[in-house]
Amino acid sequence: MISDPFFYMVAIPAVLIAGVSKSGFGGGLGVVSVPLIALAVSPQVAAAIMLPILCLMDLANVWAYRKNWDRRNMMILIPAALIGILVGSLSFSYLSEEAVKILIALIAIGFTLDHWLRRKSSGNKPRSATWLKGTFWGTISGFTSFVAHAGGPPLSVFLFPQRLDKTVFVGTTVMFFIVVNYVKLIPYWFLGQFNGANLETAAVLAPVAILGTWLGLWAHDKVNQQLFYRVCYVLLLITGLKLLWDGLSHFGIL
């Protein structure tokens, strides 16, 4: 088990934020969990520690949202996400973590700015769930989720324009990620991502995950739908900027 105090200084807030995000705000802010933990350990170790914790959060959330999710979106997104996970598994040894961070950042920042710049002219009308877009963004979400548990922004790019009821939106993301995260356990195991130290550390952080999930469920009932979407877009921009900074700094650009 990891015993470094600095690790827990960053890991506890990261797990808490992930729990709040997954249960109350659609998973957008949870994208920062791996980058935060990676301040103390390698990104690979951070991802391995977070996956069992995310699976625990999913179990806690699925009961709360079991009746509030969009079936058409799931039919479109899940097969695509499985393709993304497969691509991530096969390319695991060749992936640059920093390059993927930059890709996720550009998606999050670009989508948020596009929404803010065009919302007046478009009237912010709800869009339908189409197979072409859903397959593309579902594949990207599955891939980025496998690499860094960062499937939230690509998924949000597809779901946000539909203007789903906030409970249905969160429920759909919960159902999507419980499938994605449990499927990811298989390739993570075969790729040697789980060892005694990582699993023991995840177990120590499990109570924090449960607390974060409870806080997210509590906050979800207290936030109105208009404010909810405003918060989601702001969080997407913040996490996008964070990931962009990390990726560019690694390549010496910043």
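Residues numbered from 1 in each chain as written. Predicted model: local features only at pLDDT ≥ 70, side-chain atom pairs only at ≥ 80, totals over all residues. Heavy atoms only, no water.

Identification of the protein as Probable membrane transporter protein from Thalassospira profundimaris is taken from an unreviewed UniProt entry. In its Sequence similarities (unreviewed entry) section, the UniProt entry covering the protein states "Belongs to the 4-toluene sulfonate uptake permease (TSUP) (TC 2.A.102) family." (UniProt positions renumbered as here; feature names shortened; annotations may be inferred.)

Caption draft 1: Representation of the side chain of Thr201 within the structure. Residue placement: Thr201 occurs in helix 9 (residues 196-220). A polar contact of 3.1 Å, which involves the side chain of Thr201, links it to the backbone nitrogen of Ile2. Not counting residues up to four positions away in its chain, the partners in contact with Thr201 are Met1, Ile2, Phe7, Tyr8 and Ile49. (Helix = DSSP H or I, 4+ residues; strand = E, 2+ residues; numbered from the N terminus. Polar contact = N/O pair within 3.5 Å; in protein donor to acceptor, adjacent residues only side chain to side chain. Contact = heavy atoms within 4.5 Å.)

Caption draft 2: Here's a closer look at unusual backbone geometry. The phi torsion at His149 lies on the positive side, around 50 degrees, for a residue other than glycine. Relative to the elements of secondary structure, His149 occurs in the loop between helix 6 (131-148) and helix 7 (152-159). Unlike most non-glycine residues, Arg163 shows phi in positive territory, near 55 degrees. Locating Arg163 in the fold gives a position in the loop between helix 7 and helix 8 (166-190).

Caption draft 3: Broad picture of the UniProt feature "transmembrane region" (unreviewed entry) in the protein. Under the UniProt annotation, "transmembrane region" (unreviewed entry) lies at residues 7-25, 45-64, 76-94, 168-190, 202-220 and 227-245. Between the C-alpha atoms that bound residues 45-64 there is a distance of 30 Å. The span itself is 100% helix and 0% strand. Across residues 168-190, the secondary structure splits into 100% helix and 0% strand, with the terminal C-alpha atoms separated by 34 Å.

Caption draft 4: Representation of the pattern of salt bridges. Summed over the entire model, instances satisfying the criterion amount to one salt bridge. A salt bridge links Lys242 to Asp246; its shortest N-O distance comes to 3.4 Å. A residue pair is termed a helical-turn pair when its members lie 3 or 4 positions apart in one helix, as Lys242 and Asp246 do in helix 10 (residues 225-250) at four residues. Lys242 gets classed as partly exposed once you look at its relative accessible area, which sits at 27%. (Salt bridge = Lys/Arg side-chain N within 4 Å of Asp/Glu carboxyl O. Buried < 20%, exposed > 50% of the residue type's maximum accessible area, 1.4 Å probe, protein only.)

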